[in-house]
Amino acid sequence: MAFALLGWPPDGTTLRLDYRRFAYAGKFVLGTTGKAVVRVDAESRPTRSAVDKRAGDDADATYDEDVLAAASFSPDRTDDDCLCVRYVTVRDDRQGEGFGARLLAFVADRATDRYDRVRIAVNNPAAYVAAHRAGFGFTGRETGLAELVCERPADRPAPRDADAYRAGLDRYRERDLATDDVARLDEKVAAGPPTAVDPPTGADAADTEPGR
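Residues numbered from 1 in each chain as written. Predicted model: local features only at pLDDT ≥ 70, side-chain atom pairs only at ≥ 80, totals over all residues. Heavy atoms only, no water.

**Quick notes on unusual backbone geometry**
Rules: Where helices and strands are cited, they refer to DSSP runs of H or I of at least four residues and of E of at least two residues respectively, numbered from the N terminus.
Note that the residue after P9, namely P10, is joined by a cis bond; omega there is 5°. Relative to the elements of secondary structure, P10 occurs in the loop between strand 1 (2–7) and strand 2 (34–39). In this structure, Y24 takes a positive phi of about 60° despite not being glycine. Turning to its location among the elements, Y24 is positioned in the loop between strand 1 and strand 2. The backbone of A146 shows a phi angle near 65°, a positive value even though the residue is not glycine. Positionally, A146 belongs in the loop between strand 6 (137–142) and strand 7 (148–153).

Below, the structure is given as structure tokens:
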């Protein structure tokens, strides 16, 4: 697989993601946000017949079938030195493999020359843990949509803070969680903050926007 930066805002490219396989697919057709993706290797890309078979009633639709995960981002509306990751989505059959965390780390690494900090707001424990795997730390703040705000310097992971990490997870306890979700939350709290992953480099990482 390959990690690729497709462009920076406001001149980002658009992506046609299959709405049946990706959450937030409609958010990636906007060209005003930057985009980064994880793609399958060329030899693993689906054939046209396989795409048509999956499309079913949408056989005329043209999707970016080689994308496994995607992120969109733009500057903070009140702080030009901070890049905000707006959406991260992973294809439904590849979730749980760490693509989200590695893609976030990749975006932060590529932002070093343009921004001081990178921020993301997450709305569930799985996304919260993935953000910490990407080197983000909980700021103690929430958005008006009850999302937890996580942040890191663009050039390095945030310091690991076990107390802040567990405090963020405890915020989810105040919400209406199923019994299984509470059990998984307890496991995450007990495990403590994960070690940050390294951003993809070398042959696994590419830039396709002008000037890089």
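**Details of the pairing of strand 6**
Let me state the cut-off plainly: Note on pairing: two strands pair once DSSP finds at least 2 bridges between them.
Alignment of strand 6 against strand 7, held across 3 bridges, turns out to be antiparallel. Residue pairing in the sheet places E142 in a bridge with L148 of strand 7. Where strand 6 hands over to strand 7, the hairpin turn is made up of 5 residues, of which A146 adopts a positive phi near 65°.

**Here's the deal with the layout of surface pockets**
The criterion, for reference: With a 1 Å grid spanning the protein atoms alone, the term cavity applies to any set of points in which a 1.4 Å probe fits but cannot get out, the term pocket to an open set with protein on both sides within 12 Å along at least five of seven lines, and the term lining residue to any residue with an atom within 4 Å of a point. Grid points are joined across faces, edges and corners, and a volume is the space filled by probe spheres set on the points.
Taken as a whole, the largest pocket spans an internal volume of roughly 1,200 Å³. Along the wall of the largest pocket there are 38 residues; nearest its centre are V88, I120, A121, V122 and A127. Listed by contribution, the elements that provide at least two residues to the lining of the largest pocket are strand 4 (82–90), helix 2 (99–110), strand 5 (117–122) and helix 3 (125–133). Element by element, the count of residues in the lining of the largest pocket is highest for strand 4, at 7 residues. Roughly 180 Å³ of volume is contained in the second largest pocket.

**Digging into the pattern of salt bridges**
Selection criterion: Within this document, salt bridges are pairs made up of a side-chain nitrogen of Lys or Arg and a carboxyl oxygen of Asp or Glu, the two lying within 4 Å of each other. Using a 1.4 Å probe on the protein chains alone, a residue whose accessible area is under 20% of its type maximum counts as buried, one over 50% counts as exposed, and one in between counts as partly exposed.
Tallied over the full model, the rule gives 17 salt bridges. Close ionic contact of D66 with R39 constitutes a salt bridge, the shortest N to O distance being 3.4 Å. Here the residue D66 occupies a position in the loop between helix 1 (48–55) and strand 3 (67–75), and R39 occupies one in strand 2, the gap between them amounting to 27 residues. By relative accessible area, which is 16% here, D66 ends up buried. With relative accessibility at 23%, the residue R39 sits in the partly exposed group.

**Here's the deal with the pairing of strand 3**
Most of strand 3 is tucked away: 8 of the 9 residues are buried. In this structure, strand 2 lies alongside strand 3, joined through 6 bridges in antiparallel fashion. Paired with V37 across the bridge in strand 3 is A70. Pairing of strand 3 with strand 4 involves 7 bridges; the strand directions are antiparallel. Of the residues in strand 4, the one forming a bridge with P75 is L83. Linking strand 3 back to strand 4 in an antiparallel pair, the connection comprises 6 residues.

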